[in-house]
Structure formats: C-alpha cells, structure tokens
Amino acid sequence: MRLLVVEDEVRLARALQKGLRSEGFAVDISHDGASGLESARVGNYDAIVLDVMLPRLSGYEVVRTLRRERNWVPVLLLSAKDGEYDEADGLDVGADDYLTKPFSYVVLVARLRALLRRGAPERPAVLVAGDLVLDPAAKQVARGDATISLTAREFSLLEYLMRRAGEVVSRLDLLEHVWDSYGVSEANVVEVYVGYLRRKIDTPFGRAAVTTVRGVGYRLETDGG
Ligand code: CA
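What comes next concerns the included structure. Given the structure is predicted, the values throughout are model-derived calculations rather than measurements. (Residues numbered from 1 in each chain as written. Predicted model: local features only at pLDDT ≥ 70, side-chain atom pairs only at ≥ 80, totals over all residues. Heavy atoms only, no water.)

1. Brief notes about helix 8 (residues 189-201)
Turning to step 1, where the next piece is worked out: Helix length check: helix 8, at 13 residues, gives a terminal C-alpha distance of 18 Å against a target of 18 Å (1.5 Å per residue), a fit within 8%.
Turning to step 2, where the next piece is worked out: Looking only at helix 8, the buried set comprises Val-189, Val-190, Val-194, Gly-195, Leu-197 and Ile-201. (Helix = DSSP H or I, 4+ residues; strand = E, 2+ residues; numbered from the N terminus. Expected span 1.5 Å × (residues − 1). Buried < 20%, exposed > 50% of the residue type's maximum accessible area, 1.4 Å probe, protein only.)

As structure tokens, then:
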C-alpha cells in the first residue's frame, strides 16, 4: 500500500514516514499543498495523510480540487487544534477522516487501515455534469470557469436534478422535494422555476442541460448539455 504524507513540519513528516514504513507502507512526502496536489494527481496512492495548514495551498483546497477532478483516493486530514477549522468543514470538502494534532500515532495507523479497507468508491462532495459543477456545502454553482448566482430555490431545484442526472424527474417529484407543502399556489411553479434555471445555467452558455420530457417531467443531461 502506497501512502502520500503532505505535511510542512519536516520533523513530523519524517517521523510519520519512518513509522509508517516500519508498518510496511511505501511512503512519499510532500511539504506543501501545491506539490502535494501534484503528487496526488500522478502518484496513484492508496491513501493520503494531509495536513490542513500548509504553505501555497491548504489541505482543504487540495482535497476539494482532487474531488472536483473525480479523484476518490481516501484522505485523512490532520489539523492543529486552533479553532479556525473544524471537522465538519474537512468532511464537507470531501475528506474521509480527520485527526486533531497532537494525535496518537497508534490511532492514526488504525484510522488509515480502516480507510484502506474501504478503498476509493466514488463519493462526490460536489456534483458534476459535464462542465456544470454544484457544490452543496459551499452553495456554489459554476459552468466551466463562470460562477453562476442562483436563488435558494433555484439552487435546490438544480441540486435535486443533478443528484438524479440522466433520469427523468416528474413535476410532482420536484414539487415534493424542492418545495415544501406550503405556499405553492401556482400549478405551474415547477415550469416557472425550470425557466429561471435555464436562463442562468443554459441560455448564456448556448446549452440545453435541462431538457423537457413531454408529459412526464425534466431531465438533467449527464454531460451538462
Ligand atoms: Ca502545517
């Protein structure tokens, strides 16, 4: 099993490398976020131990970038207990586990072994359809490099469609999952909001990601239209 340790405290990185090697792992080291990301992209690792506070690129940015690139390598985050970051943030960006420094080496090895047992199934923290990307945690939507501003309702509608990308979703299904039971006075509210959404995510880009399936509902194209 091949591990990457991304840690800017050189002594800690060396100690981890030495310890993990003695457990039988192959261990590479990066000392900053940018080179860690590069190594993670090309290194075909079975797991990554990733410090949060790193020069050049934070651990959060590294794991977020990997997940956007659909790289599902298991990631265990290490963070100093300074209150600036918390576990929820780390797991939100797509990390699999989290240890706060100072941590027990024995616990680290046990957690790593658990991650390695699980392997790297797809578990997107962000939803992707072609060049359309929706990040539920950061509440952001982008097409390519262009950030798209949506209202809360439009965001919920797009999130639901993206979670079921490629499937036909009925109007009733959308009404149940995107609108609560109150305040839906107009029968055509779904059509109206699909129209709003198209004007923001499709029309300006010359695309047609949200297609109408006559008499049934809507489908978000898996290639993002
Ligand atoms: Ca650090």
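2. Side note on unusual backbone geometry
Turning to step 1, where the next piece is worked out: Of note, the amide linkage connecting Lys-101 to Pro-102 takes the cis form, showing an omega dihedral of -5°.
Turning to step 2, where the next piece is worked out: Relative to the elements of secondary structure, Pro-102 occurs in the loop between strand 5 (97-101) and helix 5 (105-118).
Turning to step 3, where the next piece is worked out: One non-glycine residue, Asn-44, lies in positive phi territory at about 50°.
Turning to step 4, where the next piece is worked out: With respect to the helices and strands, the residue Asn-44 is situated in the loop between helix 2 (33-42) and strand 3 (47-51).
Turning to step 5, where the next piece is worked out: Here Arg-70, not a glycine, exhibits a phi torsion of approximately 60°, which is positive.
Turning to step 6, where the next piece is worked out: Among the secondary structure elements, Arg-70 is positioned in the loop between helix 3 (59-68) and strand 4 (75-80).

3. So, the environment of Ala-26
Turning to step 1, where the next piece is worked out: In this fold, Ala-26 is placed in strand 2 (residues 26-30).
Turning to step 2, where the next piece is worked out: Between the C-alpha atoms of Ala-26 and Pro-102, which are 76 residues apart in sequence, the distance is 23 Å.
Turning to step 3, where the next piece is worked out: Look past the residues within four positions of Ala-26 in its chain and what remains in contact with it is Met-1, Arg-2 and Leu-3. (Contact = heavy atoms within 4.5 Å.)

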